[in-house]
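Working through the structure, step by step
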Amino acid sequence: LVPALLWMLAITSLALAGPEDSLPHPTPVQAAWQDLELGMFIHIAPQTWQDSQTDDLSTPRSAINPERLDTDQWVSVAASMGARYIVFVAKHEGGFCWWQTDTTDFSIKHTPWRGGKGDVLADLSVSCKQRGIKLGVYLSPQDRKHGIGVGGRATDPQAQSGYVKLFRQQLTEVLTRYGDTMEVWFDGSLTFDVGDILAEHARNAVIFQGPQASIRWVGNEDGIAPYPAWNAVKFGIKKWGDYTAADGDPDGDRWLPNECDARIRSTWFWKSHNQATLKTIPQLMDMYERSVGRGGVLLLNHTPDRSGLIPEADARRAAEFGAAIQRRYGVAVKEASGHGSDLTLQLSAPVAIDRAAIMEDITQGERVRGYVLEGLVNGQWKQLAAGTAIGHKRIDSFVSTTVAEVRLRVIQSVAEPHIRKLAIYSTGRP
């Protein structure tokens, strides 16, 4: 009787299970990360003194002395932009380390800056905590100083063994000395495993590339996600950690959201003669709407100069960008949330609108597969926008239209839609 009863219970369970039970869901760490929406990348390295983007190892450590370096200024720039986190390049591909590492003499410890006692990562950790900005760290597996290639790959087994030990120590240092880390970047992925270190010291962090990746590179350096940019992927179609937005699949089995990295200038590192490439506010807002507005997280790079400060023009542009986001999306005409295939916003009087932001409750999975946004115009429903994916956030722009009501109709979904927010805006912008 017992086997028969268990069989009946199993059949009943399968019959009661809905399609939502097979949907991938974000972990709490992934969901919290997606809510950040906007972050700031910071690149400074020997390249800054070389007017180069690749460290040719020609800069003597005695020349690296950013006397005005002020992490409070960096964090102030991030806050003015509306960034909720910073990813600091603690070590780029050349191998130079900006913290007091015990692993190499190619570090800030062996420069004139603050008599060799300075620690940029320590300063930045304090500055971030004071302003409520979360901190992530970029630790390059490649290391030219030690003759190590992309992914942390050495040319011979003995060198490989030695470098794995060195890198593991570096990773342990940056994850244990400076408080909680919210993101770890392994640019170019990893050819060896550090999962035990991440499990012990980075439980609250998302991981960029490598075998433990929990977010993915969007696939370009323009800060733009494709549309649709589905959050799920199918495991096994390529090496884990190498997925990009192009691998998004609404029928995927694992949650792997997109981070969209981009540069506010034309280069990742400061150059002495490229201030004219500083992106304009229209360019930045277009980037924002095609990254955050397509469900991704935007990571916008800034470039401290040889003094250690983010240049004044760049800082000013960051503040202008933050103000532009607030002007456009800071206050909605009206917003609501709800479950089901229809959600209506009833207005007290007709109003002209030109933008809408829709968010799913992604903790319940990405359920919507098709939707239409409509406005009530002179008693008739008129289509304003339509799409497939919503996910964390979808921003739709359309010709300014005076409406008495707005409704969202989900025309295709894999389970009951959970709409976290439907908000409409009147921005006066094309």
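Here the structure is shown first, and the text comes after it.
Below or above, wherever it landed, is the structure these notes cover. (Residues numbered from 1 in each chain as written. Predicted model: local features only at pLDDT ≥ 70, side-chain atom pairs only at ≥ 80, totals over all residues. Heavy atoms only, no water.)

Note on placement: Pro60 falls in the loop between helix 3 (46–50) and helix 4 (71–81). Sequence-wise, Pro60 and Pro46 are 14 residues apart; in three dimensions their C-alpha atoms are separated by 8.7 Å. (Helix = DSSP H or I, 4+ residues; strand = E, 2+ residues; numbered from the N terminus.)

On the basis of which strands lie adjacent, the open sheet formed by 8 strands has the order 5-4-3-2-1-10-9-6 and parallel pairing. The open sheet terminates on both sides in strands that have one partner only, identified here as strand 5 (206–208) and strand 6 (216–217). Pairing between strand 1 (residues 38–42) and strand 10 (residues 297–302): 5 bridges, direction parallel. Of the residues in strand 10, the one forming a bridge with Gly39 is Leu299. The strands touched by helix 4 within the sheet are strand 1, strand 2 (85–91) and strand 10, with strand 1 carrying the most contacts at an inclination of about 150°. Across the sheet, helix 6 (residues 157–176) touches strand 2, strand 3 (134–139) and strand 4 (183–185), and the angle it forms with strand 3 is around 170°. (Pairing = 2+ DSSP bridges. Contact = heavy atoms within 4.5 Å. Axes fitted to C-alpha atoms, helices over the stretch in contact; angles between N-to-C directions.)

Locating Thr191 in the fold gives a position in the loop between strand 4 and helix 7 (195–201). The spatial distance from the C-alpha of Thr191 to the C-alpha of Pro211 is 8.7 Å, given a sequence separation of 20 residues. Apart from residues no more than four positions distant in its own chain, Thr191 is found in contact with Val150, Gly151, Gly152, Arg153 and Gln160.

At a minimum axis separation of 6 Å, helix 4 and helix 9 (residues 312–329) run at an interaxial angle of 25°. Judged by the inter-axis angle, helix 4 sits roughly parallel to helix 9. Packed against helix 4, whose contacting residues are Val77, Ser80 and Met81, the element helix 9 presents Ala315, Ala318, Ala319, Phe321, Gly322 and Ile325 at the interface. Classifying every residue of the contact of helix 4 with helix 9 gives 7 nonpolar, 2 polar and no charged. (Parallel < 35°, antiparallel > 145°, perpendicular 65-115°, else oblique. Nonpolar A, V, L, I, M, F, W, Y, C, P; charged D, E, K, R; others polar.)

The subject of this paragraph is the nonpolar core. Formed by 79 residues in total, the largest nonpolar core has its most connected members in Ile86, Phe88, Leu171, Val184 and Phe321. Other than its neighbours up to four places away in sequence, Phe321 contacts Met81, Ile281, Leu284, Met285, Tyr288, Leu298 and Leu300. Counting residues in hydrophobic clusters, the runner-up holds 20 residues, among them Leu347, Ala385, Val403 and Ile424. (Core = buried A, V, L, I, M, F, W, Y, C linked by side-chain atoms within 4.5 Å. Buried < 20%, exposed > 50% of the residue type's maximum accessible area, 1.4 Å probe, protein only.)

What follows concerns the pattern of salt bridges. The final tally for this structure, using the stated rule, is 23 salt bridges. Asp247 is paired through a salt bridge with Lys238; the nearest N and O atoms lie 3.0 Å apart. Assessed through its relative accessible area of 13%, Asp247 is described here as buried. Given the relative accessible area of 35%, Lys238 is considered partly exposed. Across the salt bridge formed by Arg290 and Asp286, the nearest N and O atoms sit 2.9 Å from each other. Salt bridges sharing common partners tie together Asp102, Lys109, Glu173 and Arg177. (Salt bridge = Lys/Arg side-chain N within 4 Å of Asp/Glu carboxyl O.)

A cis amide bond links Tyr227 to the next residue, Pro228, at an omega of 0°. Assignment of secondary structure puts Pro228 in the loop between strand 6 and strand 7 (232–233). Although it is not a glycine, Asp51 adopts a positive phi angle of roughly 55°. By secondary structure assignment, the location of Asp51 is in the loop between helix 3 and helix 4. Take Asp51: its relative accessible area is 22%, and that puts it in the partly exposed class. For Asn378, which is not glycine, the phi torsion reads 50° and is therefore positive. Tracing the backbone shows Asn378 in the loop between strand 13 (368–377) and strand 14 (380–387).

The subject of this paragraph is the pairing of strand 13. Burial of strand 13 is extensive: 9 of the 10 residues sit out of reach of the surface. Judged from the 7 bridges that link them, strand 13 and strand 15 (residues 394–413) form a sheet pairing that is antiparallel. Its bridge partner being in strand 15, Tyr371 is matched across the sheet by Val410. The pairing of strand 13 with strand 14 spans 7 bridges and is antiparallel.

The strands that make up a sheet pair up through hydrogen bonds in the backbone, lying either parallel or antiparallel. The sheet built from 6 strands is open, its strands ordered 11-16-12-15-13-14 with antiparallel pairing. Either end of the sheet is taken by a strand with one partner, and the two such strands are strand 11 (334–339) and strand 14. Ignoring which end each strand starts from, the neighbouring axes of this sheet average 30° apart. Where strand 12 (residues 342–360) meets strand 15, 12 bridges bridge the pair, whose relative direction is antiparallel. Within strand 15, the residue paired with Ile353 across the bridge is Thr401.

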